[in-house]
Amino acid sequence: MQNRLPLTIDPTKAAQKRLDYAGNYLAKNANRLSELVENVNSDIECSLSFGFDEQRLCVISIDAKVTVKLECQRCQQAYDKLIHVKNKFSPVKSDAQAEALPEHYEPALVNEFGEIDMLSLVEEEIILSLPIVPVHDSEHCKVSEADFVFGQIPTEDDKPNPFAILASLKNKP
Ligand SMILES: [Zn+2]
């Protein structure tokens, strides 16, 4: 087990050596993520492992956790959320290779040197896991669900019964 995470790595060479890593990517280096959230509260705690599957495909397993500060879209207060991502990737050089991957692997693009930018891959995965509309759990939110019901929603009883209307028409002289 290596405890310094690689910034870039040749995934095939790493898989041949069956390398495993566990460590942190520093919050201050997660530039793209920090643009999308109020704050990146923790370093990205990450484990990576490289190997080959039974089809001899190179596989990169990623498990990463980070706590970020988001703004609740209901009450506008900031709150902390733990984002945990877990996924398997396989290196590709082109879109065609990405299309051909088995469904259970995500493509990880290698650069001209045959390397993958690991921080960028992990960050991308975290960004994809951010809630589209961040909101508190209802028990923590300053705005209750009830405040979001504007006006009266008619209940079953308020709606005119179509058969009653029909009956009243029939009874007309
Ligand atoms: Zn809220």
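The protein has the name Large ribosomal RNA subunit accumulation protein YceD in an unreviewed UniProt entry, where Orbus hercynius is given as its organism. According to the UniProt record, the Sequence similarities (unreviewed entry) comment for the protein is "Belongs to the DUF177 domain family." One UniProt comment on the protein, placed under Function (unreviewed entry), says "Plays a role in synthesis, processing and/or stability of 23S rRNA."

J.: Before we go on, may I ask you to explain the pattern of salt bridges in this structure?
T.: If charged atoms from side chains of opposite charge come close, those side chains can pair. Counting across every chain of the model gives three salt bridges. Residues arginine 32 and glutamate 124 are paired through a salt bridge, measuring 3.1 Å at the closest nitrogen-oxygen approach. Of this pair, arginine 32 sits in helix 2 (residues 31-36) while glutamate 124 is found in helix 4 (residues 118-129), placing the two residues 92 residues apart along the sequence. Residue lysine 69 pairs with aspartate 80 through a salt bridge whose shortest N-O separation is 3.3 Å. With lysine 69 in strand 5 (residues 58-71) and aspartate 80 in strand 6 (residues 78-92), the pair connects residues that are eleven residues apart, well separated along the chain. Judged by relative accessible area, which is 29%, lysine 69 ranks as partly exposed.

J.: What am I meant to see in the coordination of the zinc ion here?
T.: Where a metal carries four tetrahedral donors, each ideal angle is 109.5 degrees; where it carries six octahedral donors, the ideal angles are 90 or 180 degrees. Taken together, the protein ligands of the zinc ion are Cys72 (SG), Cys75 (SG), His136 (ND1) and Cys141 (SG), with distances of 2.1 to 2.3 Å. The site at the zinc ion holds four donor atoms, and with the angles between them running 102 to 118 degrees, its shape is tetrahedral. Linear spacing of the donor residues for the zinc ion on their chain is C-x2-C-x60-H-x4-C. Of this pair, cysteine 72 sits in the loop between strand 5 and strand 6 while cysteine 141 is found in the loop between helix 4 and helix 5 (162-170), placing the two residues 69 residues apart along the sequence. Here the two residues cysteine 72 and cysteine 141 agree in accessibility, since each one is buried.

J.: Help me understand the environment of leucine 36 in this model?
T.: Structurally, the position occupied by leucine 36 is in helix 2. Overall, the relative accessible area of 53% leaves leucine 36 in the exposed class. Sequence separation between leucine 36 and isoleucine 127 is 91 residues, and the spatial gap between their C-alpha atoms is 8.0 Å. When residues no more than four places from it in sequence are discounted, the contact partners of leucine 36 are Ile127 and Leu130.

J.: Just checking my understanding: could you explain the nonpolar core for this structure?
T.: Soluble globular proteins: nonpolar side chains tend toward being buried together. Leu33, Leu48 and Met118 are the most contacted members of the largest nonpolar core, which has 42 residues in total. Taken together, the elements giving at least two residues each to this core come down to helix 1 (11-16), strand 2 (20-25), strand 4 (44-52), strand 5, strand 6 and helix 4. Setting aside anything within four residues of it in sequence, one finds leucine 48 in contact with Leu5, Pro6, Leu19, Asp20, Tyr21, Tyr25, Ser61, Ile62, Met118 and Val122.

J.: Help me understand the packing of aromatic side chains, please; the structure alone is not making it clear to me.
T.: Two descriptors summarise a pair of aromatic rings, namely the distance from one centre to the other and the angle between the planes of the rings. Taken as a whole and judged by the stated rule, the model has one aromatic pair. Taking 6.1 Å as the distance between ring centres and 80 degrees as the angle between the ring planes, the aromatic pair formed by tyrosine 21 and phenylalanine 50 counts as edge-to-face. Of the two residues, tyrosine 21 is situated in strand 2 and phenylalanine 50 in strand 4; the sequence distance between them amounts to 29 residues. Tyrosine 21 sits in the buried class, given a relative accessible area of 9%. For the cation-ring pair, arginine 56 lies above phenylalanine 52, with the distance from its terminal atom to the ring centre recorded as 4.5 Å.

How each quantity is defined
All residue numbers refer to positions counted from 1 along the written sequence of the respective chain. For a predicted model such as this one, the threshold for reporting local features is a pLDDT of at least 70, and the threshold for listing and counting side-chain atom pairs is 80 or more; totals across whole chains, interfaces and linings nevertheless cover every residue. Calculated side-chain values reflect all of the structure's heavy atoms, with hydrogen atoms and water omitted. UniProt positions are given in the numbering used here, feature names are shortened, and annotations may be inferred rather than shown by experiment. The term salt bridge refers to a side-chain nitrogen of Lys or Arg lying within 4 Å of a carboxyl oxygen of Asp or Glu. Here a helix means four or more residues in a row that DSSP labels H or I, a strand means two or more in a row labelled E, and each is numbered from the N terminus. Burial classes: relative accessible area under 20% of the type maximum marks a residue as buried, over 50% as exposed, and values in between as partly exposed (1.4 Å probe, protein chains only). Only nitrogen, oxygen and sulfur atoms qualify as donors, provided they sit within 2.8 Å of the metal or within 3.2 Å for Na, K and Ca; with water excluded from the atoms, sites may seem incomplete. For four-coordinate sites, all angles between 85 and 135 degrees define a tetrahedron; for four- and six-coordinate sites, opposite donors beyond 155 degrees with the remaining angles between 65 and 115 define square planar and octahedral shapes respectively, and all other cases count as irregular. The contact criterion used is simple: two residues touch if any of their non-hydrogen atoms lie within 4.5 Å. Among buried residues, the Ala, Val, Leu, Ile, Met, Phe, Trp, Tyr and Cys ones that are joined through side-chain atoms within 4.5 Å form a nonpolar core. Only Phe, Tyr and Trp rings are paired, with Trp represented by its six-membered ring, and only when their centres lie within 6.5 Å; those with planes under 30 degrees apart are stacked, over 60 edge-to-face, the remainder tilted. Two limits define a charge over a ring: the Lys NZ or Arg CZ must be within 6 Å of the ring centre, and within 35 degrees of the ring normal.

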